[in-house]
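Okay, here's what each chain looks like letter by letter:
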Amino acid sequence: MRTISKLQGPALRPAGLLARLACLFFALLPALALAQGGRPQVGFIRLVNAVGPGTGNTKLLIDGENMYPKGYKLGQRTGGIGLEAGSKKITVSKDGVEEGSTTLNVEAGETISLVAFAEKIPADKDKPERWGVKILRLKQRAQEKGFRMTVLSVCRNPEVLFETSIQGKDKPEGASVKRMMTTTIDLGNAGGDVTVRLRNPQKILTSFRPDDPGNYVLVIYDGADGEVQSLYFYDPKFVIAG
């Protein structure tokens, strides 16, 4: 930062001098803040790609900027995408599917998880029946305690039946999750493998080992061929879909 040793030009009266100095001070505030370690207020967005219909990869645009030109494969999720805090327009698109968008407020230090999936849009006078992208935001609150698993379903089945086996427990625990809703499973002290099996038809959805206390989010969705699939990620603040 350049140091100003003296004022150039004609002599200033006291009032004019104070006004100039005040303008100079406020103009230098951003530089002073950065020099003292100040940083822009940054929040984060995470996208879970569960858009089964359509072709190619799914694109994510934030305020019109393509975050990853190659796009995301079905079942992929992003890490936390850092953004300056404030209002953001989120658009998710895929070839053969009508794009979806939402506007949300990104808060400093917070991570917003979004699940993108597809829904049938009924025919109208201008367009035939088609698939459209929907974006579901996962609401958050304070840090979770212990080991938990939150199961969210965005697949077309009205209800998904599953069971959870936890290493060290004698019997698996049966449960279900309704479409666009969540079910929470207490994983106890964890420390071992957790396996989630679909009950109809019988198949393993996922198996993972929870290393740290917190919430493990399991998203159940329809694959490209309509087969029920899942992915999971760690998010200690996730609570409920909304």
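What you see is a predicted model, and the numbers here were worked out from it, not measured in a lab.

A.B. asks: Just to check I follow, could you spell out the packing of aromatic side chains for this structure?
C.D. replies: For any pair of aromatic rings, geometry is given as the distance between the ring centres together with the angle between the planes. If you walk through the whole model with that rule in mind, you get four aromatic pairs. Relative to Tyr216, the ring of Phe208 has its centre 5.6 Å away and its plane inclined at 25 degrees; by these criteria the two rings are stacked. In this pair, the class of Phe208 matches that of Tyr216, namely buried. An aromatic cluster is present here, built from Phe208, Tyr216, Tyr232 and Tyr234 joined pairwise through their rings.

A.B. asks: What is the right way to look at the pattern of salt bridges in this model?
C.D. replies: Side chains that differ in sign of charge can pair as their charged atoms come close. Per the counting criterion, the structure on display carries nine salt bridges. Close ionic contact of Glu98 with Lys127 constitutes a salt bridge, the shortest N to O distance being 3.5 Å. With Glu98 in strand E6 (residues 97-106) and Lys127 in the loop between strand E7 (111-121) and strand E8 (130-140), the pair connects residues that are 29 residues apart, well separated along the chain. Residue classification places Glu98 among the partly exposed residues on the basis of a relative accessible area of 31%. The shortest N-O distance in the salt bridge between Lys120 and Glu129 comes to 3.7 Å. Residue classification places Lys120 among the partly exposed residues on the basis of a relative accessible area of 44%.

A.B. asks: Any chance you could explain the nonpolar core here in plain terms?
C.D. replies: The nonpolar side chains of a soluble globular protein tend to be buried with one another. The biggest cluster of nonpolar side chains holds 21 residues, and the ones touching the most others in it are Met149, Val151, Phe162, Leu187 and Ile220. For this core, the secondary-structure elements that each account for two or more residues are strand E9 (147-153), strand E10 (159-166), strand E11 (173-178), strand E13 (194-199), strand E14 (202-208) and strand E15 (214-222). Residue contacts for Val151: discarding those within four places in its chain leaves Phe162, Val177, Met181, Thr182, Thr183, Leu218 and Ile220. By size, the runner-up hydrophobic cluster in this structure holds 19 residues, among which are Tyr72, Ile81, Val106 and Trp131.

A.B. asks: In this structure, what is going on with the environment of Gln202? I would like to understand it.
C.D. replies: For Gln202, the position within the fold is in strand E14. Along the chain, Gln202 and Leu161 lie 41 residues apart, while their C-alpha atoms are 10.0 Å from each other.

A.B. asks: Just to check I follow, could you spell out unusual backbone geometry for this structure?
C.D. replies: A negative phi holds for most residues other than glycine; trans holds for most peptide bonds. The omega angle of the peptide bond from Asn200 to Pro201 is 0 degrees, so this bond is cis rather than trans. One can find Pro201 in the loop between E13 and E14. Despite not being glycine, Asp63 has its phi angle at roughly 50 degrees, a positive value. By the element assignment, Asp63 lies in the loop between strand E2 (55-62) and strand E3 (65-66). The phi dihedral of Met180 falls on the positive side, at around 65 degrees, and the residue is not glycine.

Calculation rules
Residues numbered from 1 in each chain as written. Predicted model: local features only at pLDDT ≥ 70, side-chain atom pairs only at ≥ 80, totals over all residues. Heavy atoms only, no water. Phe/Tyr/Trp six-rings, centres within 6.5 Å; stacked < 30°, edge-to-face > 60°. Buried < 20%, exposed > 50% of the residue type's maximum accessible area, 1.4 Å probe, protein only. Salt bridge = Lys/Arg side-chain N within 4 Å of Asp/Glu carboxyl O. Helix = DSSP H or I, 4+ residues; strand = E, 2+ residues; numbered from the N terminus. Core = buried A, V, L, I, M, F, W, Y, C linked by side-chain atoms within 4.5 Å. Contact = heavy atoms within 4.5 Å.

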